[in-house]
Amino acid sequence: MNLLDRITVEPGKCGGRPCIRGQRIRVTDVLDLLSHGASQEEILEDYPFLEREDILAAIAYASRLTDHVVLRAA
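In this report, we go over the structure that sits alongside the text. Keep in mind the model is a prediction, meaning the values are calculated, not measured.

Below, the discussion takes up the side chain of R6. In this fold, R6 is placed in the segment before β1 (7-8). Look at R6 and you get buried, because its relative accessible area is 10%. Reaching out from R6, the side chain makes a polar contact with the side chain of E51 at a distance of 3.1 Å.

Counted according to the given criterion, the structure contains one aromatic pair. Here the aromatic rings of Y47 and F49 are separated by 6.2 Å at their centres, their planes lie at 85°, and the arrangement is edge-to-face.

Here we take up the pattern of salt bridges. Scanning the entire structure with this criterion turns up six salt bridges. The partner of E10 in a salt bridge is K13, with the nearest N and O atoms 3.5 Å apart. When its relative accessible area of 17% is taken as the criterion, K13 is described as buried. Between R52 and E41 there is a salt bridge, with the nearest N and O atoms lying 3.1 Å from each other. In this pair, R52 sits in helix α3 (residues 52-65) while E41 sits in helix α2 (residues 40-46), placing the two residues 11 residues apart along the sequence. The class of R52 is partly exposed, set by a relative accessible area of 38%. On the accessibility criterion, E41 (43% relative accessible area) is partly exposed. It is possible to trace a salt-bridge network through shared partners that takes in R6, R21, E51 and D54.

About the thresholds
Residues numbered from 1 in each chain as written. Predicted model: local features only at pLDDT ≥ 70, side-chain atom pairs only at ≥ 80, totals over all residues. Heavy atoms only, no water. Helix = DSSP H or I, 4+ residues; strand = E, 2+ residues; numbered from the N terminus. Buried < 20%, exposed > 50% of the residue type's maximum accessible area, 1.4 Å probe, protein only. Polar contact = N/O pair within 3.5 Å; in protein donor to acceptor, adjacent residues only side chain to side chain. Phe/Tyr/Trp six-rings, centres within 6.5 Å; stacked < 30°, edge-to-face > 60°. Salt bridge = Lys/Arg side-chain N within 4 Å of Asp/Glu carboxyl O.

No statement about biological role is implied by the geometric values presented.
Shown next as structure tokens:
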């Protein structure tokens with residue numbers, strides 16, 4: 001399974017925002033936990049329905065979204 005296949009977007013679920021495998025936990029929730037210092041192990045303990053690959057998928061998804069040219073107005 002491709003990591004990004006773990007990211008789902010469903011109208012009416014979490015406001016149509018990207019989620020992990022159709023669960024009601026958003027990609028941004030996982031990224032926020034990581035950015036506030038939670039380890040992958042802590043996240044997996046607190047959210048037992050998540051898998052290690054789900055966390056990696058959230059990171060990969062964010063990486064793809066930020067991989068674009070930024071144009072600056074002169």
